[in-house]
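# Chain and residue survey
In case you want the letters, here they are:
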Protein chains: 2
Amino acid sequence: MNLQSVAVSQSPEDKFREYLTTGNKPQRFTGQQRDMVRFIFSHHDHFDAEALISEMQAANLKISRATAYRTLNKLVDAGLLRRLELGPRTFYEHDYGYPQHDHLQCTKCGKVIEFQNPSIEEAIRQASLANGFQSEGHSFVVRGVCKECNIALMPKRQLDLI
Amino acid sequence: MNLQSVAVSQSPEDKFREYLTTGNKPQRFTGQQRDMVRFIFSHHDHFDAEALISEMQAANLKISRATAYRTLNKLVDAGLLRRLELGPRTFYEHDYGYPQHDHLQCTKCGKVIEFQNPSIEEAIRQASLANGFQSEGHSFVVRGVCKECNIALMPKRQLDLI
DNA sequence: CCCCCAATGATTATGATAATCAATTCCTTG
DNA sequence: CAAGGAATTGATTATCATAATCATTGGGGG
Ligand SMILES: [Mn+2]
Ligand SMILES: [Mn+2]
Ligand SMILES: [Zn+2]
Ligand SMILES: [Zn+2]
């Protein structure tokens, strides 16, 4: 189940357009970029570049690998997406309009579970204060085995006890 | 400053030898592996494969890239080293004989600062309990700007106020 | 309606790590 | 102590994700 979204004043599409067109160097907001933003923000999930490309092509949306990688980087710079360190490849998820949270990742099936805990922000505050550190963001992933995989891995006689 | 080490009954070298020779498939504990373990555990540090190779070669220790990568993986499996997610490449640090802790990483100079906070373990316990999740380990890195880089980046007039 | 400049995308490059495999080393056994 | 055999080594090659290249396309301001 997804977390509750955060109220925002602009649509992701408008925010990205603003990011691109505001500033010293003019950047264009193209049809492919618009398709990417709309597709990505049509549902919340954790995805990598390859998955995005195949899903968009399956949805009959034209996108090349180069443009996908380039636009993902721009979306991160614009504050729309957040990068996730979930293994060797880079994953992405919504940042704009989605609350701060962290992740449990199952090492058996790969599933990613979201959770929130205010004491994490507090721990960051304390450690930063103690070290004169100016915190800008964090990555927190707990690895382990999810409920379903735990049940599947249990010997039969242990299941009987439940 | 490093954290206080944890008392252990075996030297890293002995523990690795035991890991290699115990079990169904016999694995040899070679001179190069012994050199690597001794070198790595002669000082606490956060390093990647390339840095290890150059430092060992600078210390006149023979090591090939292939053997370095292979042995690093074995050291992680043996519980001697822990992998760190500090960006695109893989970093390593002592696990055996070193206490649980997490990291602040400076995005300006790359410096890595260690800190401990028991509320992080508690947050993991709570999130795991709430999701039926069996936790096995975690990665927690706070990105930001360290004290020295903060001072260096400050405009002169702000420095004057200190 | 042009023209310029940014975007696109096929292709090539990069860089870290893993696989290959012939040569070497080193335990085991007789 | 010699020989056999299995595991390790290391030069080389492969892989895989992502980043650059650069010729072509196209869109928006004048
Ligand atoms: Mn998430
Ligand atoms: Mn550390
Ligand atoms: Zn699972
Ligand atoms: Zn710094």
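Summarised in this report is the structure supplied together with it. None of these values were measured; they are calculated from a predicted model.

A separate point is the side chain of B:Glu114. All names here are of chain B. Counting through the fold element by element, Glu114 comes out in strand β5 (residues 112-115). Although Glu114 lies buried, it forms no salt bridge, and the closest oppositely charged side chain, Arg82, sits 6.7 Å away as judged by the N-O distance. At 2.8 Å, the side chain of Glu114 forms a polar contact with the side chain of His44. A polar contact of 2.6 Å, which involves the side chain of Glu114, links it to the side chain of Tyr98. The residues touching Glu114, leaving out its near neighbours within four places in the chain, are Leu3, His44, His46, Glu93, Tyr98, His101, Asp102 and His103.

As a further point, take the relation of the copies chain A and chain B. Of the transformation placing chain A onto chain B, the axial shift is 0.0 Å and the rotation is 180°, giving an RMSD of 0.0 Å. The transformation just described matches what one would write down for a two-fold rotation axis. Among all C-alpha atoms of chain A, that of A:Phe140 lies closest to the rotation axis, at 2.2 Å. Counting the interface residues of chain A, we find that 100% of their copies in chain B are interface residues as well, pointing to one common contact surface.

Listed per partner, the contact involves 31 residues of chain A and 31 residues of chain B. In total, chain A and chain B occlude about 2,800 Å² of area from one another, counting both sides; carbon and sulfur atoms represent 59% of this. Connecting chain A to chain B are 14 residue pairs in polar contact (both at pLDDT 80 or more). Elements supplying a minimum of two residues to the side of chain A that touches chain B: β4 (102-106), β5 (112-115), α5 (118-131), β6 (134-145) and α6 (147-153) of chain A. Here the side of chain A that touches chain B takes 12 residues from β6(A), the largest share from any one element. By residue class, the composition of the side of chain A that touches chain B is 14 nonpolar, 14 polar and three charged. Sheet analysis places β6(A) next to strand β6 (residues 134-145) of chain B, joined by 11 bridges and oriented antiparallel. Paired with A:Gly137 across the two strands is B:Arg143, which belongs to β6(B).

Once that is clear, we can look at the coordination of the zinc ion (ligand 3). Residues and elements named next belong to chain A. Those donors, Cys106 (SG), Cys109 (SG), Cys146 (SG) and Cys149 (SG), are the protein atoms that reach the zinc ion (ligand 3), and they lie 2.3 to 2.4 Å from it. Every donor residue of the zinc ion (ligand 3) comes from the same chain, spaced as C-x2-C-x36-C-x2-C. Of this pair, Cys109 sits in the loop between β4 and β5 while Cys146 is found in the loop between β6 and α6, placing the two residues 37 residues apart along the sequence. A relative accessible area of 45% places Cys109 in the partly exposed class.

Residue and element names in this part refer to chain A. For the pair helix α1 (residues 12-21) and helix α4 (residues 65-77), interaxial distance at closest approach is 10 Å and the crossing angle is 95°. Between α1 and α4, the crossing angle belongs to the class labelled roughly perpendicular. Residue-level inspection shows Phe16, Tyr19 and Leu20 of α1 in contact with α4, the latter providing Thr71, Lys74, Leu75 and Asp77. A class-by-class count of the residues in the contact of α1 with α4 yields four nonpolar, one polar and two charged.

Right, let's talk about the protein's contact with DNA strand C for a bit. In the vicinity of DNA strand C there are 18 residues, among which A:Thr30, A:Gln32, A:Lys62, A:Arg70 and B:Tyr69 approach most closely. The protein-proximal atoms of DNA strand C, defined as those within 4 Å of the protein, are 70% sugar or phosphate. Side-chain polar atom of A:Thr30 to a phosphate oxygen of DNA strand C: 2.6 Å apart, as the coordinates give it. Interatomic distance of 3.2 Å between a side-chain N/O atom of A:Thr67 and a phosphate oxygen of DNA strand C. Residue assignment for the surface near DNA strand C shows that the elements contributing at least two residues are α2 (31-40) and α4 of chain A together with α4 (65-77) of chain B. Ranked by the residues each element gives to the surface near DNA strand C, the list is headed by α4(A), at four residues. Considered class by class, the residues forming the surface near DNA strand C number three nonpolar, eight polar and seven charged.

Quick look at the sheet that holds strand β1 (residues 47-48) of chain B now. Residues and elements named next belong to chain B. Pairing within the open sheet is antiparallel, and its three strands lie in the order β1-β3-β2. Since the sheet does not close on itself, it has two edges, and those belong to β1 and β2 (81-85), each with one partner. Here β1 runs beside strand β3 (residues 90-94); their pairing, made up of two bridges, is antiparallel. Looking at β3, one finds that Phe47 is bridged to Tyr92.

The rules behind each value
- Residues numbered from 1 in each chain as written.
- Chains lettered and ligands numbered in written order.
- Predicted model: local features only at pLDDT ≥ 70, side-chain atom pairs only at ≥ 80, totals over all residues.
- Heavy atoms only, no water.
- Helix = DSSP H or I, 4+ residues; strand = E, 2+ residues; numbered from the N terminus.
- Buried < 20%, exposed > 50% of the residue type's maximum accessible area, 1.4 Å probe, protein only.
- Lys, Arg positive; Asp, Glu negative; His and termini not counted.
- Salt bridge = Lys/Arg side-chain N within 4 Å of Asp/Glu carboxyl O.
- Polar contact = N/O pair within 3.5 Å; in protein donor to acceptor, adjacent residues only side chain to side chain.
- Contact = heavy atoms within 4.5 Å.
- Least-squares fit on C-alpha atoms with pLDDT ≥ 70 in both.
- Buried area = accessible area lost by both parts, 1.4 Å probe.
- Nonpolar A, V, L, I, M, F, W, Y, C, P; charged D, E, K, R; others polar.
- Pairing = 2+ DSSP bridges.
- Donors = N, O, S within 2.8 Å, 3.2 Å for Na, K, Ca; no water.
- Axes fitted to C-alpha atoms, helices over the stretch in contact; angles between N-to-C directions.
- Parallel < 35°, antiparallel > 145°, perpendicular 65-115°, else oblique.
- Near = heavy atom within 4 Å.

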